[in-house]
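Next come the chains, spelled out residue by residue.
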Amino acid sequence: MRAVPPGASRRPRPRDTRTTLKQQLHTLLAAQLARMIDSGELPLAEPPAYVIEPPRNPAHGDLSTNLAMVLAKPCRKPPLELARAIVAALGQPAFIERIEIAPPGFINFTLKSAALLEVIAEILGAGARYGESMQGAGSYVQIEFVSANPTGPLHVGHGRGAAYGSALTRLLRATGARVHAEYYVNDAGRQMDILALSVWLRYLQAAGVAVDLPDNAYRGDYIRDIASALAARDGDRYVAIPVLPDAGTHEDPEARLDAAIASCRRSLGEERYRAVHGWACDSILAGIREDLAAFGVEFDQWYSERSLAETGRIAAALDRLRAHGHIYVKDGAQWFASSALGDEKDRVVIRDNGVATYFASDIAYHAEKFERGYTRVLDIWGADHHGYIPRVKAALAALGEDPARLEVLLVQFATLYRGGERVQMSTRSGEFVTLRELIDEVGADAARFFYIMRRSDQHLDFDLDLAKSQSQDNPVYYLQYAHARICSIFRQAGLGDDADLQAGLAARGLLVEKREQALAALLGRLPEVVGNAARDREPHQLANYLREVAVEFHAYYNAHKILTPEPALRSARLALCAGVRIVLANGLRLLGVSAPTEM
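Rules used in this analysis
Residues numbered from 1 in each chain as written. Predicted model: local features only at pLDDT ≥ 70, side-chain atom pairs only at ≥ 80, totals over all residues. Heavy atoms only, no water. Phe/Tyr/Trp six-rings, centres within 6.5 Å; stacked < 30°, edge-to-face > 60°. Buried < 20%, exposed > 50% of the residue type's maximum accessible area, 1.4 Å probe, protein only. Helix = DSSP H or I, 4+ residues; strand = E, 2+ residues; numbered from the N terminus. Lys NZ or Arg CZ within 6 Å of the ring centre and 35° of its normal. Axes fitted to C-alpha atoms, helices over the stretch in contact; angles between N-to-C directions. Parallel < 35°, antiparallel > 145°, perpendicular 65-115°, else oblique. Left-handed = near helix turned anticlockwise from the far one by under 90°. Contact = heavy atoms within 4.5 Å. Pairing = 2+ DSSP bridges. Salt bridge = Lys/Arg side-chain N within 4 Å of Asp/Glu carboxyl O.

Draft legend 1. Just the packing of aromatic side chains, in detail. The final tally for this structure, using the stated rule, is 19 aromatic pairs. Note on Phe-299 and Trp-302: the rings are 5.3 Å apart at their centroids and 70° apart in plane angle, and the pair reads as edge-to-face. Note on Trp-302: relative accessible area 21%, which makes it partly exposed. Pairing Phe-553 with Tyr-557 gives two aromatic rings, centres 6.2 Å apart and planes at 40°, and the pair type is tilted. A residue pair is termed a helical-turn pair when its members lie 3 or 4 positions apart in one helix, as Phe-553 and Tyr-557 do in helix α20 (residues 539–559) at four residues. In textbook terms, an aromatic cluster arises when at least three aromatic residues are bridged by ring pairs, as seen for Phe-336, Tyr-358, Phe-359, Trp-381 and Tyr-388. In this structure, Arg-178 packs its charged tip against the face of Tyr-140, placed 3.8 Å from the ring centre. Sitting above the plane of the Trp-302 ring, Arg-289 keeps its charged end 4.2 Å from the centroid.

Draft legend 2. Just the packing of helix α7 (residues 221–234) against helix α8 (residues 253–294), in detail. At their nearest, the axes of α7 and α8 sit 10 Å apart, and the two run at 125° to each other. Considered as vectors, α7 and α8 are oriented oblique to each other. Like other packed secondary-structure pairs, α7 and α8 cross with a definite hand, here right-handed. Contact residues: Tyr-222, Ile-226, Ala-229, Leu-230 and Arg-233 in α7; Val-276, Trp-279, Ala-280, Ser-283 and Ile-284 in α8.

Draft legend 3. Spotlight on the sheet that holds strand β2 (residues 63–65). Sheet architecture is open: four strands sit in the order β1-β2-β4-β3, paired in antiparallel fashion. Bordering the open sheet on either side are β1 (52–53) and β3 (96–102), each of which pairs with just one other strand.

Draft legend 4. Fine view of the sheet that holds strand β10 (residues 347–350). Within the open sheet, the three strands sit side by side as β8-β9-β10. Their pairing is antiparallel. Looking at which strands have only one partner, the edges of the open sheet turn out to be β8 (327–330) and β10. When the angles between neighbouring strand axes are averaged without regard to direction, this sheet yields 45°. As paired elements, β8 and strand β9 (residues 333–336) share four bridges and run antiparallel to each other. When the sheet's bridge partners are listed, Tyr-328 is paired in β9 with Trp-335.

Draft legend 5. Local environment of the pattern of salt bridges. Considering all chains together, one arrives at 34 salt bridges under this definition. Here Asp-319 ties to Arg-322 by a salt bridge, and the two come within 2.6 Å at their closest N and O atoms. With Asp-319 and Arg-322 both in helix α10 (residues 313–323), this residue pair falls three residues apart, about one helical turn. Given a relative accessible area of 37%, Arg-322 falls into the partly exposed group. Connected through salt bridges with shared partners, the residues Arg-313, Arg-320, Glu-371, Glu-401 and Arg-405 form a single ionic network.

Take a look at the structure:
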C-alpha cells in the first residue's frame, strides 16, 4: 500500500484559527450539561444533540440554542423551566453581554462588542489561512469527478460536476484532510469503438471514399477535425474499403452500428484499428484536459480504464468474487449475484462473447481504490446514475470491503438558457454547447459560481444573460465588486495590500455602529461555514455565505463613510474592511473563483 498515491497533494496542513465565540459557548454549555447530568439534576445517561446558531431575528441576539427544548421530553420538564436552570448554571461568561430566555424555551445570547470585534484581529493575523481548520485532520480522501467519456468535448452538463468536485476538493483540503483528486478515463468499451468508427469514416470521406456515417455515430464537427489531423499526420495509411451493413441486414440501428464497428476492425486490422482508436481518444482527452485547466480544475491522477484489463485487475477482482461464490454462469454469460446484496437484480460481468462489461471494470476500479487505503472514497456522478449505487456497493461488500466507505454524490445536469430559450444538447449529434464555449462567453468565474450556488442534487437553470450581466442581480459580479471596492478604498487611502493596520486594530473599539458589529459577527462565521460545507459536501453553503457578506458590506459602505476625517475611526474602519476583503478572497478561492482588485 502506498502512503501517498502518485500525484497526491502533500501541501502543509493548515493551522487552526482561534476558537470561534460559538465554539466557546458550545464548550461552556457542554461542560454545564455534563455537570448537571453527573449530579442527577438532569435524568439522562448522555447529553442530547442540540444546535447553537444565529437566530433568524437579529433582535433576539447573536446566538441561540434549542437545548432546553431538546431536553424537555427526556427530562419530563417544561422547556422554560429547564432553560432557567441552564442559564443559572452557566452564569455570566466574560464574552456574553446578555442572556435571555424566549418561549417556548430558546436561550438567546447577545455577545459583547469587544468579543465580536476580536475577530478582526484574528482574521488579519491568519490572512490567507483564515477559515481553514483541522476538522478533517487524519482523514485520507479520494474524490473522483467529471470522468466524462472521451467521445467528445466537455459540454455544459459536465461543467457542473467539474465545478462541484473541484470546490469540494478545495474545501476538504481547507479542513485538514489529505485529498487525492482523480479523473477516471473511460478509454475502453463500446462508446470508444463508436468514436473510432466515426473518426475513420470521416477520414475515408476526406480521402474521397464513398461511405456514409451512421445516424447513431458521433457526428459533430470535432470528428471531422480529428479525422483531418489524422490524415495530416499519417496520410493514407488507414484508407481501406469497408463493407458496411445496410438496413436490410440489421433492422436494429444499434446492431448495424456494432456490425459497422466489426467491419472497421476487419478492414484495418487490429494494429491500425488501435492506432485510429488511440488517436481519437487522445485527441479528445487532450481537449478535455485543456478545457478543465481553463476552468480551474486540476486532478492528481488521470486513471485509465483500459489499464484495468491490461494489468489484470479486472480478472483479479472477478476471481475474488468467484472464490466467494458470487459469480455464476447463465446463457453463456457470467453474472454477479448482486441481488443477494441489495441490488434490484443480478448483473452481467462477462458477456457471452467473453468481453468484460463496463460494470466489471467498475468493480475492479473500486477494488483498486480501496486497496490504496483511503478512509473515504467519494464518487461524484450524474443524477442519472442513481440506480448504479446499489450494484457498486454490493460488489464492494462481496469483495469483503466496507461499502460505507464509499460515498456517492449526485449532480443534476444543468439546463442552459440563452435569450429565454432552452438550448438542446446531444453528444452524438454534435448539437451541444461545449464547456469551452461557456467559458469564452461568460468567463470561468461566472460559470463556476453559477454551477455551485445551488445544491448539487437540485435542478439548475443556467441563465447565460444573467451570468454576463454587470449588476447586483448577478451574484458573482456582486461578490467580486465588493472585493474590488475594498481594494479601491485602500488605494484612495494610499495604502497597499500589506498595509500596517495595527492602529486600526487598536482602535477597533470605536466600531460601535450596528452594521459594523453585525459585519464583524458575520466575518467570524467563515471557519464554521467552511467546515460545514466540507462536512455536508455542500459548497453552496459557502457561496450563500459570501453573498451575505457582500450584501452586508455594500450596505455598510453606503451607510457609513469609511475614509472619515477622524484618524482613529478611519483606521478602525479600514481594519474592518481589510477583514471583509480577506474573507471574500479566501471564500472565493475555495470556490475556484478569482477576487479581482479592479472591475
